[in-house]
Structures are given as structure tokens and as C-alpha cells.
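# Working through the structure, step by step
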Amino acid sequence: MLNRRHIRIKVMQTIYAMHQKGSDSIEKEEKFLLSSIENLMDLYLIILSSLIELTQKELEYIDASKKKHLATAAERNPNLKFTENQVLQLLKSSKSIQAALDTRKINNWSANDDTILLLLQDVKQSKVYLDYMNDKVSSFELDKQFVADLFSEVIAPNEKLYNYLEDYKLTWIDDIPVVNTQILKQLKQLTDKSEFRVSSLFKDEEDKEFATLLFKNTVLNEVELAKEYLDKTPNWDVDRIAEIDTILLKMAICELLKFPSVPVKVTINEFLEIAKEYSTPKSSIFINGILDNLVKSYQSTGRLNKSGRGLLE
């Protein structure tokens, strides 16, 4: 689920928080980093389970409407296409999802069904839903396309859901796009023969190790890493360099010097993109200039220890 860029962002945020608190406990802050990453799984499960809860709330509404004293013909014979959607049924019957929800004790929607009811209202008013319900043709592929469109066009960008998630855990703001992208990808990959399985946080153990090593190697060597760029900023007032920029520079230099399997170009591009999103308008230009000069210097002095084809590019 987590890509390397988001891992870098998590490390950056942890180091920044560490500076703000004046903390010098590497062990404590490493636990904070891993906890913030682990919490992303809760977010994933909460958003994923909202799809299941929507069908449940609609079933309850249908059942209550049928029992009305003066139920209409439509209420007595409702259109069940949404609640019987094959993809939503796969999610509902997924043992993997249920086991994860039970293990992590996630029951947000039973305690906050008002958010789901508001979300259901928006779903039923959407063009995606209305077109789907009015279409007499039915197939697994059409059901899958509907759920994918509903998720990307109605649920993922829903302001009520976003506000609930933001209020529940402020640190999730940066994680929501990552989680939504993963869920949509999984929905599109489903077949009528498949079972929905909960995604793992990391692609592999190497990515998990990358997170902790980048954090430790940066924090333990901050003074030395800072010395690498201090004399490379003649046109910048060192004391006025944004703190986020100094953290990104140290992390990038750490990658260049201590992570032989990460290509130079990847490191530079990744940190420039993070700077554009999280720092000042001029930060990416500043960081790019310094890293470019450092790479040339490292190459000329043989300090770049990159292994594998194309890693020096």
C-alpha cells in the first residue's frame, strides 16, 4: 500500500515533530514513526468498511419502508440492485476484511452511523447511482465498474466523510489519497472468482526496513549531513532556510551516501516533489541546486557508492 514517496514523507514528518518537541529519544521517535504508519491500516479499513456499511444501511431502510402501514408499491417491491451488487457482496463476505476489523477492533460506523447515513444520501442522489439503478442490464463487470465509479466520484471526494476522518485523526490528512488509491486499485482488479483480501502496509520487508533505516541514519547523522550542504548555499541565508528544507536535504544526502540501491535520479526527483508539496514555493529550486552540485562533487571524488545498472544516473 505504501509507496516509497509516502514512506519518505512519514520519515520527514517524524523528524520535524521530533525537532519541534526537542526530543532526543531515537527509540521513542522510531516507535512514533512506525505507529503513524501502522495507523494508516486503520484508515484503510475504516474507508473500506464504509462500502459494506452503506449496503447495510440501505437494507435497513428498505426493510423499514416495507413495514410502513401505507407502503407504496415501490417500497413493497424495491429495486435491490445496489444491495445485491456482486462486488459489494464480495466485500461483505470477505473473511480477510472481517478478520482485520475484528483484530484491530474497528467499529467506527456502529458508533457514528450518522456519517454513513449522510454519505448514503449523497450516494443515492448521485448520477452514478441513478444511472446504475435504472440500467436493466446486469453483470459482474458492470457491477465492478459501478462500485469503482461510485468510490472515485462520490465516496473518496465526499466532504462529510473527509471531515469525519480528519476529526477522528488529524494525521490522516496526508494518508487519505494513498488509501483511496489503493482501494480503487483493488476494486478494479476484482473478478467474479476472486476474494477481496486486505492489503499489506508495505510492499515487502525491504520497504519496511527502508523506513526505519532512513529515519535512523538521518537522525543519527544530522550534524554531519548538514555540513555537506552548508558551504553550498552562498546565495542563501542559512539561518533562514525553512526547517522542512533542511530536513529534506539531510534525508536526500543520507540516501545518496548511505543507500546504494536507490538511484541518484530517484532520490533527487522524490525529494523535489515532496518539497513542492510540503515546503515553500522556492524550496524545490533551492534543494535541486544543492543536490545537483553535491552529486557532481560526490561523483568526482568517488563518494557515490551505488550498485546496479543505471544507479548513478
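Each chain has its residues counted from 1, running along the sequence as written. Totals for whole chains, interfaces and linings use every residue, but because this is a predicted model, local features are given only for residues with pLDDT of at least 70 and side-chain atom pairs only at 80 or more, for both listing and counting. Remark: hydrogens and water are excluded; side-chain values derive from all non-hydrogen atoms of the structure.

### Observations concerning the packing of helix 13 (residues 222–230) against helix 14 (residues 243–258)
Selection criterion: Note on geometry: axes are lines fitted to C-alpha atoms, helical ones only across the stretch in contact, with angles between N-to-C directions running from 0 to 180 degrees. Counting from the N terminus, the helices are DSSP H or I runs at least four residues long and the strands are E runs at least two residues long. Each angle gets one of four labels, with under 35 degrees taken as roughly parallel, over 145 as roughly antiparallel, 65 to 115 as roughly perpendicular, and the rest as oblique. Here a residue-residue contact requires only that any non-hydrogen atoms of the pair lie within 4.5 Å. Note that Gly is not counted as nonpolar here; it falls among the polar residues with everything else outside the nonpolar set of Ala, Val, Leu, Ile, Met, Phe, Trp, Tyr, Cys and Pro and the charged set of Asp, Glu, Lys and Arg.
Orientation of helix 13 relative to helix 14, taken along the N-to-C sense of each, is 95°, at an axis distance of 9 Å. With respect to their mutual orientation, helix 13 and helix 14 come out roughly perpendicular. Contact residues: E222, L225, A226, E228 and Y229 in helix 13; T246, L249, K250, I253, C254 and L257 in helix 14. Looking at the contact of helix 13 with helix 14 residue by residue, the class counts come to 7 nonpolar, 1 polar and 3 charged.

### Considerations on the environment of L48
Within the fold, L48 resides in helix 2 (residues 26–66). Through-space distance from the C-alpha of L48 to that of I97 is 8.5 Å; in sequence the pair is 49 residues apart. Once residues within four sequence positions are removed from consideration, L48 is found in contact with L91, I97, I183 and F196.

### Here's the deal with the pattern of salt bridges
Cut-off, in case you're wondering: Take a side-chain nitrogen of Lys or Arg and a carboxyl oxygen of Asp or Glu: if they are within 4 Å of each other, that pair is a salt bridge. Exposure classes here rest on a 1.4 Å probe applied to the protein chains alone. A residue is buried below 20% of its type maximum, exposed above 50%, and partly exposed in between.
What the rule picks out here adds up to 22 salt bridges. Residue E38 is joined to R104 by a salt bridge in which the shortest nitrogen-to-oxygen separation is 2.8 Å. Note that E38 is positioned in helix 2 and R104 in the loop between helix 5 (95–103) and helix 6 (108–111), a separation of 66 residues in sequence. You can call E38 partly exposed: its relative accessible area is 37%. Two residues, R104 and D42, come together in a salt bridge whose shortest N-O distance is 2.5 Å. Taken together, the residues R104 in the loop between helix 5 and helix 6 and D42 in helix 2 connect sequence positions 62 residues apart. Note on D42: relative accessible area 17%, which makes it buried. The network of salt bridges with common partners includes R5, R8, E255 and E270.

### With respect to the confidence of the model for the chain
Operational definition: pLDDT runs from 0 to 100 and stands for how confident the predictor is about each residue.
Here the chain shows a mean pLDDT of 92. Residues at 70 or above account for 95%. Segment residues 309–313 is flagged for pLDDT under 50; beyond a separation of four residues in sequence, or across chains, it makes 13 contacts in the model.

### What about helix 15 (residues 264–278)?
Each full turn of the α-helix corresponds to 3.6 residues, which orients residues three or four apart in the same direction. Selection criterion: The span one expects for a helix is its residue count, reduced by one, times 1.5 Å.
When the terminal C-alpha atoms of helix 15 are compared, their 21 Å separation across 15 residues agrees well with the 21 Å that a helix rising 1.5 Å per residue should span. Of all the residues in helix 15, the buried ones are V264, T267, I268, E270, F271, L272, I274 and A275. Buried residues belonging to helix 15 abut helix 1 (4–21), helix 14 and helix 16 (283–301).

### Structural notes on helix 1
In plain terms, the rule: N or O atoms closer than or at 3.5 Å make up a polar contact, with two conditions inside protein: a donor-capable atom paired with an acceptor-capable one, and, for residues adjacent in sequence, both atoms drawn from side chains.
With 18 residues, helix 1 should reach 26 Å at 1.5 Å per residue; the first-to-last C-alpha distance of 26 Å fits that figure. Within helix 1, burial applies to H6, I7, R8, I9, K10, V11, M12, T14, I15 and M18. Looking at the buried side of helix 1, the elements it contacts are helix 2, helix 11 (176–189), helix 12 (205–220), helix 13, helix 14 and helix 15. By the N-cap criterion, in which a side-chain oxygen at the helix start approaches the backbone nitrogen of a residue two or three places on, helix 1 is capped by N3, the distance to R5 being 3.2 Å. One or two positions beyond helix 1, positive phi appears at G22, with a value near 70°.

### Things to note about the nonpolar core
Filter applied, for reference: Remark: nonpolar core denotes a set of buried residues (Ala, Val, Leu, Ile, Met, Phe, Trp, Tyr, Cys) joined through side-chain atoms within 4.5 Å.
Counting 95 residues, the largest nonpolar core has Y44, F82, L91, I155, L165, L187 and L291 as the members making the most contacts within it. In terms of residue count, helix 2 provides more of this core than any other element does, 13 residues in total. Aside from chain neighbours lying at most four places away, what touches I155 is S50, L51, L54, L119, V123, L150 and L161.

### As for unusual backbone geometry
Of note in this structure, K105 is not a glycine but carries a positive phi near 55°. Among the secondary structure elements, K105 is positioned in the loop between helix 5 and helix 6. Judged by its relative accessible area of 70%, K105 falls in the exposed class.

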